[in-house]
Each structure stands twice: as structure tokens, then as C-alpha cells.
Amino acid sequence: GMASPALLMRVVASAYSVAEKAATIVRNIMAAGDLGIVEKTGANDLQTKADRLVQMSICSSLARKFPKVTIIGEEELPTDEVTEELIEDGHCEEILKKPCPAQYTGIKEEELVIWVDPLDGTKEYTEGLLDHVTVLIGIAYGGKAIAGVINQPYYNYEAGADAVLGRTIWGVLGLGAFGFQLTEAPAGKHIIVTTRSHSSTLVNDCISALNPDHVIRVGGAGNKIIQLIEGKASAYVFASPGCKKWDTCAPEAILHAVGGKITDIHGNSFQYNKEVKHMNSAGVLATLRNYDYYASRIPNTVKQSLVP
């Protein structure tokens, strides 16, 4: 008979279903109306009941199936017994049918690190900017982001009462990315997507230096990468610390799977091994195409202010 699917494809197939379950939890909490907001380090660093329950659901569901994988989530949570209704045991059959890229067929569980952002764009979630919100599950091997799942729980939410809400985008390096229509930004236009709630002089000086035709300010790293792969923006620029490994792992895998590039502001690639520090302290520069154009225009003053 057929050989059983490679571990990587089984992890991605499970992460897909786990992300869909997470989206249902996110929508249910919003619909019930009590977000259970707590401030972590201040008014721009929030945690809600959705962040907490979704992380418990994702981490416990994946840990149960893949006990030797390292799973690192954004929220500091007590390791209480997780209730069964938070566990998702399913997987996406469609993903299991796809071939695992040859370089990843021999991976063992203990070699994988999964980076989880249960609710990317929490502040926007609390403010009702629901299309900014994503659930991020990134899969790393050898310190590199190699696969990722991005769920948008509220994709389509402005399309009317009978619209199907939500979508799941996924990708694997060497295989491609699926669940969206890959589109390039208008040629010759410099449209920059950047932070909405974490702006600073440095962030704005860096953007001005790039002489953009247009600047889009939105929440969430997952959302910003989606802007790139759907052709709404040509570069994602964030000249500030604050972004973390769980923000960039899944988006990086999907962007790289379609030929894009993401680095810090100096051009260094991100490392995702389990010992790495969580902060991406030298900011973010990402594009689907024309990375060098933007990289070459980052001012030295900005680079000197951001230490990797």
C-alpha cells in the first residue's frame, strides 16, 4: 500500500484543522460579548479570553498528537488540565495527499519547533477591526521557518450575513502556498504596509525615506504578510523592536514558499530554533518581490538604532 505521509505533512494537516477550531473559538468569544481583556505590559499589549483559550487549544491539541515536538506560544499560561472541548483531533485530508518536499521527508518529531500566536492583532480584535486578526501556527526545522498556517477567522466578515466567514492559508517551502490567490502589487507603485498601534519616530522616518506612494497602517503581522501575497502592498516595513518569533514564523514560511523574502531591517534572516530569543529586536522588512529595492533604501540612521 501507500507509504504513510511524512511527519511534516501530518503536522501541517493537523495544524490546519487546529487553526480552524481556533477560529471557531475566536468567533464564539466575540459573539458572547465578554472578551475578558487584561493588560500585560500596557494598553497596547493586551490579552483576551480568546488568546488564552486558543493557545490552550492549539498547544494541547498538537502536543497530544506530536508529543516530542517543541511548541512555543505567546501567552504565559498555567498548565492546567485542558477541557476536552478545546481539543481538535482532526486533520486536512487534502494536505496529506500532497507530496512532502524531499528535503523534509526524514524529519523526526523532536527536530520540529512550532511557534504559535493564538491571536495576532489582539488590540484590533478588542476594537472590532476583525479583518486584522489572524491565528498563526509556524513550523520550524533547523532554525528555519519551513511551513505555516494562517487562519483569518473573520475573512469575509463585511460581505453580509450569509457570507462564509474565515479562511485558512497554508504553505510548505518547496511545495508552495494555498488557500488564497497569489497577486503581485501594482508595478512601479511603492505601497508600504506597517504597524497601526506601535508607531514611533523611527518607524515613520524609515517609511518616509522609502518615498512611498501610499502607506497602509494595519494590525497583525499575519495580516501584513497577507497584504503582500494578495498584492495590496509591495513592502512590509517595521523599524522597531516588538515583533516576536511567533508573529513571523508562519507568515515567513508562507511568504518564502511563494518566492518572497522577510528579514530584519539589516537583512539578517530570522532564526527559529527553540533556544532563540523571542524578540525580533531589529524590526522587519518583507516583500513578495523587489526586496533589494527596499533593503537598499533603509537609512543607516535607522539601522544604527536597531541592534539585532
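Residues numbered from 1 in each chain as written. Predicted model: local features only at pLDDT ≥ 70, side-chain atom pairs only at ≥ 80, totals over all residues. Heavy atoms only, no water.

### Observations concerning the layout of surface pockets
Gaps left between atoms show up when a probe the size of a water molecule is rolled over them. Here is the rule: Think of a 1 Å grid over the protein atoms and nothing else: a 1.4 Å probe that fits but is trapped marks a cavity, an open set flanked by protein within 12 Å on at least five of seven lines marks a pocket, and residues with an atom within 4 Å of a point count as lining. Grid points are joined across faces, edges and corners, and a volume is the space filled by probe spheres set on the points. Note on conventions: DSSP H or I runs of at least 4 residues are helices, E runs of at least 2 residues are strands, and numbering of each starts at the N terminus. Three classes are used: nonpolar for Ala, Val, Leu, Ile, Met, Phe, Trp, Tyr, Cys and Pro, charged for Asp, Glu, Lys and Arg, and polar for all others, with Gly counted as polar. In this entry, domain limits derive from an automatic or database-based domain assignment.
Taken as a whole, the largest pocket encloses approximately 620 Å³ of empty space. Residue lining of the largest pocket: 31 residues in total, with N44, D120, H198, G242 and D247 positioned closest to the centre. Elements with a minimum of two residues in the lining of the largest pocket: strand 1 (38-42), strand 2 (45-47), strand 4 (112-120), helix 4 (122-126), helix 6 (221-229), strand 11 (235-238) and helix 7 (245-257). Taken together, the residues of the lining of the largest pocket sort by class into 10 nonpolar, 10 polar and 11 charged. A domain-level breakdown of the lining of the largest pocket finds at least three residues from each of domain 1 (7-178) and domain 2 (191-305).

### A word on the domain arrangement of the protein
Put simply, the rule reads: By the convention used here, residues are in contact when the closest approach between their heavy atoms is within 4.5 Å. Buried area: the accessible surface (1.4 Å probe) lost by two parts on joining, summed over both. Counted as salt bridges are all cases of a side-chain nitrogen of Lys or Arg within 4 Å of a carboxyl oxygen of Asp or Glu. As used in this structure description, the phrase polar contact means that two N or O atoms lie within 3.5 Å; if the pair is within protein, one of them must be able to donate a hydrogen and the other to accept it, and residues adjacent in sequence are counted only when both atoms belong to side chains.
On domain assignment, one finds that the protein holds domain 1 (7-178) and domain 2 (191-305). The centre of domain 1, based on its C-alpha atoms, is set 21 Å off from the matching centre of domain 2. Each partner contributes to the interface: domain 1 provides 40 residues, whereas domain 2 provides 30 residues. A buried area of about 2,600 Å², summed over both sides, lies between domain 1 and domain 2, and 65% of it is on carbon and sulfur atoms. Along the contact surface separating domain 1 from domain 2 lie three salt bridges. A salt bridge links R196 to E124; its shortest N-O distance comes to 2.7 Å. Summed over the shared surface of domain 1 and domain 2, the result is nine residue pairs in polar contact (both at pLDDT 80 or more). The dominant element in the side of domain 1 that touches domain 2, judged by the number of residues it contributes, is strand 6 (residues 144-152), at eight residues.

### A short note on the UniProt feature "binding site: Mg(2+)" (unreviewed entry) in the protein
Under the convention used in this document: UniProt positions are given in the numbering used here, feature names are shortened, and annotations may be inferred rather than shown by experiment. Throughout, exposure labels follow a simple rule: accessible area from a 1.4 Å probe, protein chains only, divided by the maximum for the residue type, with under 20% read as buried, over 50% as exposed, and the rest as partly exposed.
Here the UniProt feature "binding site: Mg(2+)" (unreviewed entry) sits at E74, D117, L119, D120 and D247. In terms of the greatest pairwise C-alpha distance, the residues named above, spread along 174 residues, form a tight cluster of at most 9.7 Å across. Lining the largest pocket, from the set of annotated residues above, are E74, D117, L119, D120 and D247. Mapped onto the secondary structure, E74 falls in the loop between strand 3 (70-73) and helix 3 (93-96). Once you skip the residues sitting within four places of it in the chain, E74 turns out to touch K40, Q55, V116, D117, P118 and W246. Looking at the element boundaries, D120 is found in strand 4. Taking relative accessible area as the criterion, D120 reaches 5% and is therefore assigned buried.

### Some points on the pattern of salt bridges
Here the structure, examined in full by the defined rule, presents 11 salt bridges. In this structure, the salt-bridge partner of R64 is E84, at a minimum N-O distance of 2.9 Å. Residue R64 is found in helix 2 (residues 49-65), and its partner E84 is found in the loop between strand 3 and helix 3; the two are separated by 20 residues along the sequence. Its relative accessible area of 52% is what places E84 among the exposed residues. For R196, the salt bridge identified is with E127, shortest N-O distance 2.5 Å. Taken as a pair, R196 in the loop between strand 9 (191-194) and helix 5 (201-209) and E127 in the loop between helix 4 and strand 5 (134-141) lie far apart in primary sequence, 69 residues in all. Exposure remark for E127: the relative accessible area of 39% places this residue in the partly exposed category. Several salt bridges share partner residues, and in doing so they unite K123, E124, E127 and R196 into one network.

### Details of unusual backbone geometry
Positioned with a positive phi, N211 is a non-glycine residue whose angle comes to about 50°. For N211, the position within the fold is in the loop between helix 5 and strand 10 (214-217). The backbone phi angle of N290 is positive, close to 60°, even though this residue is not glycine. One can find N290 in the loop between strand 13 (284-287) and helix 8 (291-295).

### A word on the packing of aromatic side chains
Any two aromatic rings considered together are summarised by their centre-to-centre distance and by the angle between their planes. As a reminder of what qualifies: For this analysis, a ring pair means two rings from Phe, Tyr or Trp (six-membered ring only for Trp) whose centres lie within 6.5 Å, classed as stacked if their planes differ by under 30 degrees, edge-to-face if by over 60, and tilted for the remaining angles.
With the rule as written, the count across this model stands at six aromatic pairs. Between Y154 and Y157, the aromatic rings sit 6.2 Å apart at their centres with planes inclined by 70°, giving edge-to-face as the arrangement. Of the residues examined, Y157 reaches a relative accessible area of 27% and is grouped as partly exposed. When the centroid spacing of 4.6 Å and the interplanar angle of 25° are considered together, the rings of W170 and F178 count as stacked.

### Points about the sheet that holds strand 8 (residues 176-178)
Where we set the bar: Strand pairing is assigned whenever DSSP identifies at least 2 bridges connecting the two strands. Lines are fitted to the C-alpha atoms to define the axes, a helix being fitted only along its stretch in contact, and any angle between axes, read from their N-to-C directions, falls within 0 to 180 degrees.
Spatially, six strands are ordered 3-4-5-6-7-8 in an open sheet, and the strand pairing comes out mixed. Two strands lie at the open edges of the sheet, namely strand 3 and strand 8, each paired on one side alone. Along the sheet, successive strands turn relative to each other by an average axial angle of 15°, direction set aside. Of the strands in this sheet, strand 4, strand 5, strand 6 and strand 7 (167-172) touch helix 1 (residues 7-32), which is tilted by about 30° from strand 6. Sheet strands in contact with helix 6 are strand 4, strand 5, strand 6 and strand 7, and its direction is about 85° off that of strand 5.

### Quick notes on the environment of F178
Here F178 is to be found in strand 8. In this structure the C-alpha to C-alpha distance between F178 and I95, which are 83 residues apart in sequence, comes to 9.8 Å. Setting aside its immediate chain neighbours within four residues, F178 contacts K98, T168, I169 and W170.

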